[in-house]
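# Residue-level structural notes
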Amino acid sequence: MKLWSLAVPAALAIIGIVGASYLSVSAVAVLSGAVALLAGVCWPHLIGVPVRRTQGAALGLAGAAAAAGAYFAPAGAMLTWLPAVVAVGVGAVFLIQLLRGTGQAHRLESIVGIISGVLVVALGSGWVAADRLAGAEGDPALLSVAGSAALAAVAVTLIPLPDRMAAPLGLLVGGLTASLVALVVAGIPWQAAAFSGVVIAAVVMAFRRLALSRKDVSNAAGRLALALAPVLVLGSVVYFLGRLLVP
C-alpha cells in the first residue's frame, strides 16, 4: 500500500474541515457530511463485498445523517442522534442482506465489514459537535489544534521507518505541534493541547499500521475510503477531548 496515496486525501480532508471552522458551523457540517458520504460510498470497495452500490449508498446516507444530526441536535447533547443513526444504518445493512436471499456468498464478511463502515462514517459527526462547543460561532481554535496534530502525524506516516520508530515519533510530533499551535490560538491550554495531540497522533499512527498490513489490492475507491477513515474517526475523538480538557 503506497502511503502517499492515503496521506494526500486525508490531509486535504483535514485542511478542508479546519478551514471550514473559520467560516461557520454550517460549513463544517456540510464538509464533514460530504467526507462521510464519500467515504461511505467507497467503503464497500475497500472490503471487497458484493452489492457495492446499495451498501455504499446506505453507508453514505448514514454518514451524512450523522453530520446533520450533530448540527441540529441540542447544544447540551450534540451527539444525541449518533446512536440512532448507527442503529438505523445497521438495520439497513441487515435488510440489504435479507433482500439478497439465502445462500449468497460473502454474507458474513459483508455484514461485519459494512457495520464497521457505519461506525466509521457516523463518528465523523464529531467534527460538527466539536466545532459547536464554543456556541453558534463555532470553535476554530479546537479544530486548529486538532487538525495541526493530525497533519503532523500524517506527515510522519510518510517517513519510511519501522513501526517501533515511526509510532513514537508520530506521537512526539503530534503532541509538540498541537502545543505550539495552542500557544498561537486563544482558548486552549498548551498542556491540554499536547495531550490531545498525542491521542490524535496515536489514532493516525494506528491507521498507518493498518494500511501497511494490507496488500495493495484495493481500487482507487477503496484506497480513498481507507484514507478518509482516520479523519472521520478523529471527529468524535476531538469532540470528547474538547469536552474533557478545554475549559
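Coordinates for the structure precede this section.
Small disclaimer: the values here were computed from a predicted structure and weren't measured. (Residues numbered from 1 in each chain as written. Predicted model: local features only at pLDDT ≥ 70, side-chain atom pairs only at ≥ 80, totals over all residues. Heavy atoms only, no water.)

### Overview of the pattern of salt bridges
Once the charged atoms of two side chains with opposite charge are near each other, the side chains can pair. Our working definition: Between Lys or Arg on one side and Asp or Glu on the other, a salt bridge is scored when a side-chain nitrogen of the former is within 4 Å of a carboxyl oxygen of the latter. Elements are defined by DSSP. Helices are runs of H or I of four residues or more, strands are runs of E of two residues or more, and each kind is numbered from the N terminus. A 1.4 Å probe rolled over the protein chains alone gives each residue an accessible area, and that area as a share of the maximum for its type sets the label: buried under 20%, exposed over 50%, partly exposed in between.
In total, this model carries two salt bridges according to the counting rule given. The salt bridge partner of Asp163 is Arg208, with a shortest N-O separation of 2.8 Å. Here Asp163, found in helix H8 (residues 163–184), pairs with Arg208, found in helix H9 (residues 190–213); they are 45 residues apart in sequence, far enough to count as distant. Overall, the relative accessible area of 24% leaves Asp163 in the partly exposed class. By relative accessible area, which is 4% here, Arg208 ends up buried. Several salt bridges share partner residues, and in doing so they unite Asp163, Arg208 and Arg209 into one network.

### Examining the packing of helix H1 (residues 4–21) against helix H10 (residues 220–245)
Under the convention used in this document: Between the N-to-C directions of two axes lies an angle of 0 to 180 degrees, each axis being a line fitted to C-alpha atoms and, for a helix, fitted only over the stretch in contact. For classification purposes, angles smaller than 35 degrees are called roughly parallel, those larger than 145 roughly antiparallel, those between 65 and 115 roughly perpendicular, and all remaining angles oblique. A clockwise turn of the near helix away from the far one marks a right-handed crossing, whereas an anticlockwise turn of less than a right angle marks a left-handed crossing. A contact between two residues is defined here by any heavy atoms of the two lying within 4.5 Å. Throughout this entry, Asp, Glu, Lys and Arg are counted as charged residues, while Ala, Val, Leu, Ile, Met, Phe, Trp, Tyr, Cys and Pro are counted as nonpolar. The remaining residues, Gly among them, count as polar.
Axis separation between H1 and H10 bottoms out at 8 Å; the angle between their running directions is 45°. As far as their axial angle goes, H10 and H1 are oblique. Judged by the twist between their axes, the crossing of H1 over H10 is right-handed. Across from Ser5, Leu6, Pro9, Ala10, Ala13, Ile14 and Ile17 in H1, the residues of H10 making contact are Arg223, Leu224, Leu226, Ala227, Leu228 and Val231. Looking at the contact of H1 with H10, its residues break down into 11 nonpolar, one polar and one charged.

### Some points on the packing of aromatic side chains
Inclusion rule: Two rings belonging to Phe, Tyr or Trp (six-membered ring only in the last case) form a pair when the distance between their centres is within 6.5 Å. Interplanar angles under 30 degrees mark stacking, angles over 60 mark edge-to-face geometry, and anything in between is tilted.
The full count for this structure, using the stated rule, is two aromatic pairs. For the ring pair Tyr71 and Phe72, a centre distance of 4.9 Å and an interplane angle of 85° mean the geometry is edge-to-face. In this structure Tyr71 comes out as partly exposed when scored by relative accessible area, which is 29%. Its relative accessible area of 65% is what places Phe72 among the exposed residues. For the ring pair Tyr239 and Phe240, a centre distance of 5.1 Å and an interplane angle of 65° mean the geometry is edge-to-face. The buried category is assigned to Tyr239, whose relative accessible area is 4%.

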